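Breakdown of the fold
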Amino acid sequence: MPRPEQTRVIVVANQKGGVGKTTTTVNLAASLALHGGRVLVIDLDPQGNASTALGIDHHAEVPSIYDVLVDSKPLSDVVQPVPDVEGLFCAPATIDLAGAEIELVSLVARESRLERAIQAYEQPLDYILIDCPPSLGLLTVNALVAGAEVLIPIQCEYYALEGLGQLLRNVDLVRGHLNPKLHVSTILLTMYDGRTRLASQVADEVRSHFGSEVLRTSIPRSVRISEAPSYGQTVLTYDPGSSGALSYLEAAREIALRGVSVHYNSQHAHALP
Ligand code: ADP
Ligand code: MG
């Protein structure tokens, strides 16, 4: 597997909840680590689901990404190694992150606090994956300013494309004003059920709209994927031979092989609701 020359910072975003952002973040991160990369997951959702899924303690007293964003604590003070997966690390979120959306408003450089923290972080990393909350507020803006690539998971369901136009316009705004290197690099179809016509219709629609940004691999709907977090594990350690584990490994391989070569075309934003 090729390792990137520089750290690739990938923002996993979609303001819709329940589309597979967190599941994708943790399972792709574990896959990239199993392929030999050094990977940091930054949990930017106050729910802390990514932290839970990685088996990382995140009760209220644990040093967390809140302290980094609001109190300028160094990222290295909050990063924890993920048990059982070599090369995988997590900056956890605690519930106080819910207040950060408001507290950030009055702070200097409120949009670029995460970017600064990442730039000051000295441990060598191949990938940073940022799990965003289901909103387009300041937490997500901090992620979009810190990253170069946006990965959008799309659930193969009714209304799959609804609201995506708003996300893409936000990406354009952040690119125009704050972060010229930002682009949508990757679309991943999740919870794909090949037996239903709806899933294949949605997949066709997404592929015709986005083209080459869509990964060839889609993630099947799988009970093993949804069970793993309750054991504090990714599906890669919970059931390594399952279709869910294999699909995330394959998606990670595609991402590693593509590098940053696919470039986002802002025209996508126009035709979407
Ligand atoms: P988001 O972070 O976008 O809110 P999640 O990753 O938490 O979405 O996923 C929402 C729910 O769907 C969770 O209960 C998760 O376990 C489940 N889920 C996600 N991906 C799959 C999948 N491929 N197969 C089955 N269940 C899934
Ligand atoms: Mg989530």
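Residues numbered from 1 in each chain as written. Chains lettered and ligands numbered in written order. Predicted model: local features only at pLDDT ≥ 70, side-chain atom pairs only at ≥ 80, totals over all residues.

An unreviewed UniProt entry lists the protein under the name Chromosome partitioning protein, with Streptomyces demainii given as the organism.

**Comments concerning the packing of helix α1 (residues 21-34) against helix α11 (residues 243-258)**
Each pair of packed helices can be summarised by the angle the axes make with each other and by the distance between the axes. Which entries qualify depends on this criterion: Working convention: axes come from line fits to C-alpha atoms, limited for helices to the stretch in contact. Angles between N-to-C directions cover 0 to 180 degrees. In this description a helix means any DSSP run of H or I spanning at least four residues, a strand means any run of E spanning at least two, and both kinds are numbered starting from the N terminus. Under this scheme an angle from 65 to 115 degrees is roughly perpendicular, one under 35 degrees roughly parallel, and one over 145 degrees roughly antiparallel; angles in between are oblique. The crossing is said to be left-handed when, going from far helix to near helix, the turn is anticlockwise and less than a right angle, and right-handed when the turn is clockwise. By definition, residue pairs are in contact when their C-beta atoms, positioned from the backbone, come within 7 Å. For this classification, Asp, Glu, Lys and Arg are treated as charged, while Ala, Val, Leu, Ile, Met, Phe, Trp, Tyr, Cys and Pro are nonpolar and the rest, including Gly, are polar.
Where α1 meets α11, the axes come as close as 8 Å, and the angle between the chain directions of the two elements is 70 degrees. With respect to their mutual orientation, α1 and α11 come out roughly perpendicular. The hand of the α1/α11 crossing is right-handed. Counted together, N27, L28, S31 and L32 of α1 and Y248, L249, A251, A252 and A256 of α11 form the full contact between these two elements. Residues that form the contact of α1 with α11 fall into these classes: 7 nonpolar, 2 polar and no charged.

**Description of the site of ligand 1**
As a reminder of what qualifies: In this analysis, residues qualify as near a molecule or strand once their C-beta atom, positioned from backbone atoms, comes within 6 Å of it.
The immediate surroundings of ligand 1 are formed by 17 residues, with K21, T22, T23, I225 and S226 found nearest. For the shell around ligand 1, the secondary-structure elements that each account for two or more residues are α1 and α9 (223-227). The element contributing the most residues to the shell around ligand 1 is α1, with 3 residues. Tallied by class, the residues present in the shell around ligand 1 amount to 5 nonpolar, 10 polar and 2 charged.

**With respect to the UniProt feature "domain: AAA" (unreviewed entry) in the protein**
As a reminder, the rule being used: UniProt positions are given in the numbering used here, feature names are shortened, and annotations may be inferred rather than shown by experiment.
As recorded in UniProt, the sites labelled "domain: AAA" (unreviewed entry) are residues 8-183. Annotation note: span residues 8-183, helix share 36%, strand share 16%, distance between end C-alpha atoms 12 Å.

**Details of the pairing of strand β5 (residues 127-131)**
Condition: For the exposure call, what matters is how many other C-beta atoms sit within 10 Å of a residue's own: 20 or more marks it buried, 12 or fewer exposed, and in between partly exposed, using C-beta atoms placed from the backbone. At least two bridges found by DSSP between two strands are what make those strands a pair.
The element β5 is largely enclosed, with a buried count of 5 among its 5 residues. Note that strand β1 (residues 8-12) and β5 share 5 bridges and pair parallel. By the bridge assignment, V11 is partnered in β5 with I130. Note: strand β2 (residues 39-43) against β5, 5 bridges, orientation parallel. Directly across from I42, in β5, lies its bridge partner I130.

**Quick notes on the environment of R110**
Along the polypeptide, R110 turns up in the loop between α4 (97-103) and α5 (113-120). The class of R110 is partly exposed, set by 15 C-beta atoms lying within 10 Å. The spatial distance from the C-alpha of R110 to the C-alpha of D67 is 14 Å, given a sequence separation of 43 residues. Once you skip the residues sitting within four places of it in the chain, R110 turns out to touch L104, V105 and L138.

**Overview of helix α7 (residues 164-177)**
Selection rule: In this scheme, a helix's expected span is set at 1.5 Å multiplied by one less than its residue total. Along the arc lie the directions from the helix axis toward the C-beta atoms.
Under the 1.5 Å per step criterion, the end-to-end length of α7 is 20 Å for 14 residues, consistent within 8% with the ideal 20 Å. For α7, the full list of buried residues reads L164, L167, L168, V171 and V174. The arc enclosing the buried residues of α7, seen along the axis, measures out at 120 degrees, which places them on a common side. Exposed positions of α7 whose direction lies more than 90 degrees from the buried face are G176 and H177. Contact partners of the buried residues in α7: α6 (138-146), β6 (149-155) and β7 (183-190).

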